[in-house]
Amino acid sequence: MDRWIAAALDYVPRWLELQMRLTAQTGCAVAVAHRGGPVLELALGHADVDARARMTPRHRFRVASHSKTFTSVGVLKLRDAGRLRLDDPIGRVLDGLPKHVASLTYAQLMSHGSGLVRDGEDGRQWTLERPFKTRREVLDELAGAPPLPPSTRFKYSNHGYALLGMAVEAIAGEPWADWMLREVVRASGLDETLPDGPVPAGVPLAAAHTALLPLGRRAAFPANVGSAAIAPAGGFVSTASDLVRFYASLDPGATRSVLSADARREMARRLWPDPDSSIARWYGLGTISNTFAGPDGPSWDGVGHSGVFPGCLTRTTHLAAPELTVSVLTNAADGLCQPWLDGIVHVLRRFAAGGAPSRRTAAWVGRWWTPWMALDLVPMADRVMVAVPSQLDPFLDAAALEVQGRRGGEALGTVVRDGGYGRHAEPARLIDGPDGRPAALRLGGWRLEPEAAITASLKRRVARRR
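Bear in mind the structure is a predicted one, so any value in this text is a computation, not a measurement.

A word on the pattern of salt bridges. Taken as a whole, this structure holds 36 salt bridges when the rule is applied. The partner of Lys133 in a salt bridge is Glu141, and the shortest N-O contact between them spans 2.8 Å. Accessibility expressed as a relative area gives 1% for Lys133, which makes it buried. With its nearest N and O atoms 4.0 Å apart, the salt bridge here joins Arg407 to Glu410. On the accessibility criterion, Glu410 (16% relative accessible area) is buried. Members of the salt-bridge network, linked through shared partners, are Glu17, Arg21, Arg367, Asp376 and Glu451.

Read from one edge to the other, the open sheet built from eight strands follows the order β14-β15-β16-β17-β18-β19-β20-β21, with strand pairing classed as antiparallel. Here the strands that pair on one side only, and so sit at the sheet edges, are β14 (366-369) and β21 (446-448). Within this sheet the neighbouring strands show an average axis-to-axis angle of 30°, counted without direction. Sheet topology places strand β16 (residues 383-387) next to strand β17 (residues 399-407); four bridges connect them, and they run antiparallel. Within β17, the position partnered with Met385 by the bridge is Ala400. Along the sheet, helix α1 (residues 3-23) contacts β14, β15 (374-380) and β16; its crossing angle with β14, the most-contacted strand, is approximately 30°.

The subject of this paragraph is the environment of Arg406. Locating Arg406 in the fold gives a position in strand β17. For the pair formed by Arg406 and Arg429, sequence separation is 23 residues and the distance between their alpha carbons is 9.1 Å. Every residue in contact with Arg406, bar those within four places of it in the chain, is listed here: Ala411, Leu412 and Asp432. At 2.5 Å, the side chain of Arg406 and the side chain of Asp432 are in polar contact.

What follows concerns empty space enclosed by the protein. According to the stated counting rule, one finds one cavity of 30 Å³ or more in the structure shown. Size it by volume and the largest cavity reaches roughly 30 Å³. Forming the walls of the largest cavity are Ala29, Val30, Ala31, Glu41, Leu42, Pro57, Ala240 and Ser241. Elements supplying a minimum of two residues to the lining of the largest cavity: β1 (27-34), β2 (37-48) and α9 (240-248). Top contributing element to the lining of the largest cavity by residue count: β1, with three residues.

This paragraph deals with the environment of Gly36. Inspection of the secondary structure assignment puts Gly36 in the loop between β1 and β2. Distance from Gly36 to His159, taken between C-alpha atoms, is 32 Å for residues 123 residues apart in sequence. When neighbours within four sequence positions are excluded, Gly36 is seen to be in contact with Arg245 and Ala248.

The next subject is the side chain of Arg218. Inspection of the secondary structure puts Arg218 in the loop between β5 (208-209) and β6 (220-221). A relative accessible area of 10% means that Arg218 is categorised as buried. Here the side chain of Arg218 touches Ala24 through a polar contact of 2.3 Å, landing on its backbone oxygen. Polar side-chain contacts of Arg218 include one of 2.8 Å to the side chain of Asp334. If near-sequence neighbours (up to four positions away) are discounted, Arg218 is found in contact with Thr23, Ala24, Gln25, Thr26, Val49, Asp50, Thr210, Ala211, Leu212, Ala332 and Asp334.

With antiparallel pairing, nine strands are arranged side by side in an open sheet as β3-β2-β1-β13-β12-β11-β10-β9-β8. Edge positions in the sheet fall to β3 (53-54) and β8 (272-273), since each of these pairs with one other strand and no more.

On inspection of all chains with the given rule, the structure shows 13 aromatic pairs. Between Tyr156 and Tyr283 the ring centres are 6.3 Å apart and the planes differ by 80°, which places this aromatic pair in the edge-to-face class. Placement of Tyr156 in the loop between α5 (135-141) and α6 (158-172) and of Tyr283 in strand β9 (residues 281-283) is noted, with a sequence separation of 127 residues between them. You can call Tyr156 buried: its relative accessible area is 17%. Taken together, Phe70, Trp176, Phe236, Phe246 and Tyr247 form an aromatic cluster joined through their ring pairs. Stacked on the ring of Tyr161, the Lys or Arg Lys68 has its end atom at 5.8 Å from the ring centre. Directly above the ring of Trp446 sits Arg423, whose terminal nitrogen or CZ lies 4.4 Å from the centroid.

What counts and how
- Residues numbered from 1 in each chain as written.
- Predicted model: local features only at pLDDT ≥ 70, side-chain atom pairs only at ≥ 80, totals over all residues.
- Heavy atoms only, no water.
- Salt bridge = Lys/Arg side-chain N within 4 Å of Asp/Glu carboxyl O.
- Buried < 20%, exposed > 50% of the residue type's maximum accessible area, 1.4 Å probe, protein only.
- Pairing = 2+ DSSP bridges.
- Helix = DSSP H or I, 4+ residues; strand = E, 2+ residues; numbered from the N terminus.
- Axes fitted to C-alpha atoms, helices over the stretch in contact; angles between N-to-C directions.
- Contact = heavy atoms within 4.5 Å.
- Polar contact = N/O pair within 3.5 Å; in protein donor to acceptor, adjacent residues only side chain to side chain.
- 1 Å grid on protein atoms, 1.4 Å probe; cavity = no way out; pocket = protein on both sides within 12 Å on 5 of 7 lines; lining within 4 Å.
- Points joined across faces, edges and corners; volume = space filled by probe spheres on them.
- Phe/Tyr/Trp six-rings, centres within 6.5 Å; stacked < 30°, edge-to-face > 60°.
- Lys NZ or Arg CZ within 6 Å of the ring centre and 35° of its normal.

Written out as structure tokens, the structure is:
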């Protein structure tokens with residue numbers, strides 16, 4: 001593993017720890033893989049706030065629409081075996097479908113170009129106010145006219161993926177979950193993943209939680225339920241570690257995969273743009289694609305998926321260029337998996353451009369506080385970046401320091417990059433305490449200290465005002 005990757009992954013837990021505190025989130029599990037092998041596993045917060053159970057990397061999550069990637073892999077594995085073609089109509093293996101449904105192809109269903117309804121007339125399964133829909137209920141809801149003609153635009157449909165699960169079951173000649181567990185999950189070397197709930201007794205499952213509002217607190221509620229006919233669209237249960245290994249295996253260049261390289265290339269292709277989104281993203285065959293870009297690092301294309309299960313928000317992306325895969329799983333309805341995954345990728349991009357710390361800059365490290373905010377010193381090569389860990393991208397418009405040596409009990413530097421409202425060209429000093437370790441930071445006219453010192457100072461100031 002490159003030194004810049006190790007340095008970036010050393011900073012990610014420190015940034016996320018403050019993010020968890022600032023946002024009072026319930027829990028978070030993170031994994032990063034390099035060349036298919038996990039190089040970071042991180043668990044923060046609680047798996048169940050009511051039970052005060054701490055999160056661990058082994059806790060399973062309801063990963064919801066990640067299921068669409070797994071189901072698509074199952075369809076493509078059957079295609080690799082010559083048992084279907086992507087332009088085959090699904091009615092060829094499912095009898096009794098209305099004509100407008102029977103004529104839909106696997107490719108249209110997998111890419112959400114079918115025009116079918118998203119969740120039917122009653123979507124309360126996604127608030128756990130009713131059981132997930134059965135096969136009969138899905139087919140009954142598809143009998144009416146679809147909202148759009150096929151191949152019109154990208155239109156997400158969980159019912160469309162329910163049909164794909166039925167087709168896999170018909171071709172395989174056995175229950176969808178059994179075939180998927182053997183031919184996709186276990187064949188991919190995953191041992192913490194199931195095609196659907198409920199999980200067996202003794203398997204740790206992160207509880208789902210409400211958002212902070214409207215209750216004013218987050219409360220746990222059971223998510224260990226089966227997803228019935230919707231399982232191919234949203235039933236999967238997994239860990240961050242299993243997800244990064246699975247999505248890494250879908251890279252066309254992966255050395256181990258259940259799919260042919262051709263099928264993996266098909267999965268990564270951008271087929272439909274998301275037409276009304278302010279975020280540029282595309283949908284392929286069971287995958288969501290986007291580009292991570294900005295002025296302070298390389299541009300990387302990501303291929304993965306997200307998931308929204310009641311009380312659990314999750315996201316995974318594979319970055320082919322640096323051979324990195326990132327998964328962020330959160331267990332609250334207002335979980336920040338999307339911006340936190342973006343933030344982790346931006347940290348990686350910044351280190352890819354800046355490099356690992358040199359011996360000259362390595363001592364310029366740590367979190368330093370004013371009464372109003374925290375700043376992180378993060379050394380990269382021969383410069384020290386001044387990150388803002390309260391930001392979702394901690395290196396956005398970050399200041400940079402140049403290290404110049406020591407004088408007495410101080411390490412000396414200069415601010416060589418900062419915005420016009422900042423401290424550009426002013427001195428920076430890392431000041432030793434009596435024990436010889438850094439005890440304060442001066443940036444221009446600002447003095448920053450460790451959190452404990454600032455906390456004690458604020459308590460004294462508050463007490464004087466009473």
